[in-house]
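# Structural overview for review
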Amino acid sequence: MSQWWTYRLSDLLMFSARSYWRLTEALNRDLWPGQVVAVAAGIVILGCLLRPGVPARRSAYLMLGAAWAWVGWAYHLQRYADINTGAPYFAGGFALQALLLWAMAARSRPLVAAPACSRIGLALAGAGVLMYPLLALAGDHGWRRAEVFGIVPDPTAVTTLGVLLALRAHPLIWLIPLLWCAISSATLMELRVGHAWLPAAAAVLAIAAGIVLRRRERPLSLRANSPT
Amino acid sequence: MAPESSTRRRLLASLLGVSGSVLLPSLHAAPAPLITRPIPSSGEAIPVIGLGSWITFNVGRDREARAECAAVMRGFFAGGGRMIDSSPMYGSAQDVIGEALQAIKPARLFSADKVWIGGGARGPGQIETSRRLWQVPRFDLLQVHNLLSWEEHLPQLLAMKKEGRLRYVGITTSEGRRHSEIEKIMASQPIDFVQVSYNALDREVEARILPLARERRIGVIVNRPFRQGDLTAALAGKPLPGWGAEIGCTSWAQALLKFIVSHPAVTCAIPATSNVAHVRENLLAGSGRLPDEALRKRIALDAGRLA
């Protein structure tokens, strides 16, 4: 499209809030009881963050990568693309993030303990896995529109940011989840969804915690030879 | 799709004493016939209320929502509506329209779509894809969407019209974008329609585009008549002033539409909705008395004051 600068965000939003949520509803219906498996996988990832070893970290990255690959395919490409012409590009981004996470799993090395990062990261990841589905209970449609980690993008991105913070991952791996949080918050804001601020807030919290704690733990990082 | 004649309807219309300029909407009786306006370049009469599909018809594969869209279209045609407008930019809307058209098989459809792709070479392919999605033999009107690559698309559309593969050619914009370019094209190109945003609060087009349309005998299609629902939402719960009864309006939505279609340069407005009750209400605005210039000013003033 030429003259992009003449377009506002609202001009590009091509679907209603109703269509957006009915998409989640249909996905939840079609994948049930896959949500139970997804939340269980999320809890295992949280458990991995509590264990210091390389195998636990590898497992977390592997499972996160699988979640991104699945959401990219099942949500963006198979569903969201029906109502959003940008969704195939989102699917590409999610596939790339999956590859990056799997690459991280392959090259995971011992990590010097970073307790503050771990605590905030764990809290953020916990919010993505355990709190996000509960948001649906505030609406009229209950669990049918629950946003579940590994099923829809937002809790997947928020959980990932928590994990990346806890594991002090390379900033490059943060880019796509951060970008998605910005896109999603903007979309939800245009759709006038009450918790539109949540993905952006999670991104800001993760960035702020990452910067502050990295500075504070710089001597530790230097001693650690290289970041994972 | 060319309008088909209906001898029965015409006979019934003449028996009922309905003038040739109004369309008898349905044998099963809508309350009043829809007002029509002649398309300036041809004289063909078209109802002043059409149906847009931006956002409302982009429902993907959702069967329930598709059925609701089909019900809206059924109500639209039953009430005498004819013009449906869409675009390749509207996601699944064209497919939803095509499926509903197959089920309804309306006697009279005025199919208005758009070409929206960078570069003229890809235009014909996109138009053919759109036509297949609509499942129509040809479009009545094709418009260059938001002036994207208009220098390349417009000659192609005009050639299609010359070859009889298209009946009308137009250009579109929305939300007040690129009006000076729109004016230049209107002044220099043999287009049949221009599509712009216009409502009781966004009246920029009144200054130059609408007068130019009259001067150049270009039909005007009005999009975003309710500011994508924001205007009717802002006026919800605000009682319609006394003038509403003078023009047979019972709601702000009707008054806002009557404000638009009463402008002498406007051919039709294309409100979009996914609600059958709303489509019926919109069609009501296309019948009965229209406001005169003095009342139009009051509508704009009151809408601005209360919204």
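Look a little higher up for the structure.
Here goes a summary of the coordinates provided. Since the model is a prediction, treat every value here as computed from it, not as a measurement.

## Notes on the overall build of chain B
Summing up its helical and strand segments, chain B has twelve helices and ten strands in all. In chain B, which comprises 307 residues, the proportion classed as buried is 49%.

## Remarks on the overall build of chain A
A count of helical and extended segments in chain A gives ten helices and zero strands. Each helix and strand of chain A, ordered N terminal to C terminal, gives the series α-α-α-α-α-α-α-α-α-α. Per-residue burial for chain A yields a buried fraction of 43% across its 228 residues. Contacts in chain A between residues far apart in sequence, at least 24 positions, make up 71% of those at least 6 positions apart.

## What to know about the interface of chain A and chain B
The partner chain B presents 16 residues to the 15 residues of chain A that form the contact. The element that contributes the greatest number of residues to the side of chain A that touches chain B is helix α2 (residues 17-31) of chain A, accounting for four residues. Counted by class, the side of chain A that touches chain B contains six nonpolar, six polar and three charged residues.

## Overview of the nonpolar core
Inside soluble globular proteins, nonpolar side chains tend to come together where they are buried. Within the largest apolar cluster, 146 residues are counted, with the highest numbers of intra-cluster contacts made by V194, V220, L256, C268 and A269 of chain B. Excluding residues within four positions of it along the chain, A269 of chain B makes contact with V48, I49, G50, V222, P225, L257, I260 and V261 of chain B.

## Structural notes on helix α5 (residues 87-106) of chain A
The α-helix advances 3.6 residues per turn, and as a result positions three or four apart in sequence lie on the same side. Residues and elements named next belong to chain A. Taking 1.5 Å of rise per residue, the 20 residues of α5 would be expected to cover 28 Å, and the 29 Å separating its terminal C-alpha atoms lies within 8% of that figure. Within the sequence span of α5, burial applies to F90, A91, G93, F94, Q97, A98, L100, L101 and M104. Buried positions along α5 lie against α4 (54-77) and α8 (171-190).

## With respect to the pairing of strand β5 (residues 110-115) of chain B
Remember that side chains alternate between the two faces of the sheet whenever the strand is regular. All names here are of chain B. Here β5 lies mainly inside the structure; six of its six residues are buried. Burial along β5 is two-sided: F110, A112 and K114 and S111, D113 and V115, pointing in opposite directions, are all buried. Summarising the sheet, strand β4 (residues 83-85) and β5 pair through three bridges and their orientation is parallel. Looking across to β5, one finds that M83 is bridged to F110. The parallel pair β4 and β5 is bridged by helix α3 (residues 93-104), and the resulting crossover is right-handed. Pairing between β5 and strand β6 (residues 141-144): four bridges, direction parallel. Along β6, the bridge assignment pairs A112 with L141.

## Things to note about the sheet that holds strand β8 (residues 193-197) of chain B
Taken in spatial order, the seven strands make up an open sheet running β4-β5-β6-β7-β8-β9-β10 (chain B), and their pairing is parallel. Strands at the two margins of the open sheet, each flanked by one partner only, are β4 and β10 (268-269) of chain B.

## Regarding the packing of helix α7 (residues 153-166) of chain A against helix α9 (residues 197-216) of chain A
Residue and element names in this part refer to chain A. Packing of α7 against α9 brings their axes to within 10 Å, and their N-to-C directions diverge by 10°. What the angle tells us is that α7 and α9 run roughly parallel. Residues D154, A157, V158, L161 and L165 of α7 form the contact with α9, whose own contacting residues are P199, A202, A203, A206, A209 and G210. Split by residue class, the contact of α7 with α9 holds nine nonpolar, one polar and one charged.

## Comments concerning unusual backbone geometry
The residue after W32 of chain A, namely P33 of chain A, is reached through a cis peptide bond having omega 5°. The backbone of S149 of chain B shows a phi angle near 50°, a positive value even though the residue is not glycine. Its location among the elements puts S149 of chain B in the loop between β6 and α5 (150-162).

Parameters and conventions
- Residues numbered from 1 in each chain as written.
- Chains lettered and ligands numbered in written order.
- Predicted model: local features only at pLDDT ≥ 70, side-chain atom pairs only at ≥ 80, totals over all residues.
- Helix = DSSP H or I, 4+ residues; strand = E, 2+ residues; numbered from the N terminus.
- Buried ≥ 20, exposed ≤ 12 C-beta atoms within 10 Å, placed from the backbone.
- Contact = placed C-beta atoms within 7 Å.
- Nonpolar A, V, L, I, M, F, W, Y, C, P; charged D, E, K, R; others polar.
- Core = buried A, V, L, I, M, F, W, Y, C linked by C-beta atoms within 7 Å.
- Expected span 1.5 Å × (residues − 1).
- Pairing = 2+ DSSP bridges.
- Right-handed = clockwise from strand over helix to strand, strands pointing away.
- Axes fitted to C-alpha atoms, helices over the stretch in contact; angles between N-to-C directions.
- Parallel < 35°, antiparallel > 145°, perpendicular 65-115°, else oblique.

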